[in-house]
Amino acid sequence: MIYMEPVGLGLQPFFDSWLEVLPETFRPQPTFAAQLGKLCSEVVPSAVAYVRKRLREDVVTQDNNLVQSLFRLLDCCFDRFRPTELKSAASLKDDVANFTPSVVPTFFWCLI
């Protein structure tokens, strides 16, 4: 087992692993994951740099913790699209299609 410091690991592995566990209802929408991946790669590093440079934290955090917090908030927003015993993935197809235009605003709401 190899241990790496969070700083040495970077943020990209967190992005990749989170994108792999998106709800299965998002899989038929290829632009959905691509759009989220692009936002993660382009916006999140700048946002983390902004927090480090311009804001004062009362409790010191690590970059990976900030990213994980963003993903937890997004997971809460995406939870209604996860199939359950009562709702199949096929029945959520229209809901996901209607939600797709709201992906970017939801991402920025969770980021801030």
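Structure: see above.
An account of the accompanying structure is given in this report.

Looking at the state of the cysteines
Next, step 1: Enumeration according to the criterion identifies 0 disulfides in this entry.
Next, step 2: Distance from the sulfur of Cys40, which forms no disulfide, to the nearest cysteine sulfur (Cys110) is 11 Å.
Next, step 3: For Cys40, a relative accessible area of 0% puts it in the buried group.

Details of the environment of Gln68
Next, step 1: Turning to its location among the elements, Gln68 is positioned in helix α5 (residues 63-78).
Next, step 2: Placed 17 residues apart in sequence, Gln68 and Val51 show a C-alpha to C-alpha distance of 15 Å.

A few points about the nonpolar core
Next, step 1: Trp18, Leu36, Phe71, Phe78 and Phe107 are the most contacted members of the largest nonpolar core, which totals 25 residues.
Next, step 2: Put simply, the parts of the chain that give this core at least two residues each are α2 (12-20), α3 (30-42), α4 (44-54), α5, α6 (93-99) and α7 (103-111).
Next, step 3: No other element matches α5, which puts 5 residues into this core.
Next, step 4: The contacts of Leu36, once residues within four sequence positions are left out, are Trp18, Leu19, Leu22, Phe78, Val103 and Phe107.

The rules behind these values
- Residues numbered from 1 in each chain as written.
- Predicted model: local features only at pLDDT ≥ 70, side-chain atom pairs only at ≥ 80, totals over all residues.
- Heavy atoms only, no water.
- Disulfide = S-S within 2.5 Å.
- Buried < 20%, exposed > 50% of the residue type's maximum accessible area, 1.4 Å probe, protein only.
- Helix = DSSP H or I, 4+ residues; strand = E, 2+ residues; numbered from the N terminus.
- Core = buried A, V, L, I, M, F, W, Y, C linked by side-chain atoms within 4.5 Å.
- Contact = heavy atoms within 4.5 Å.

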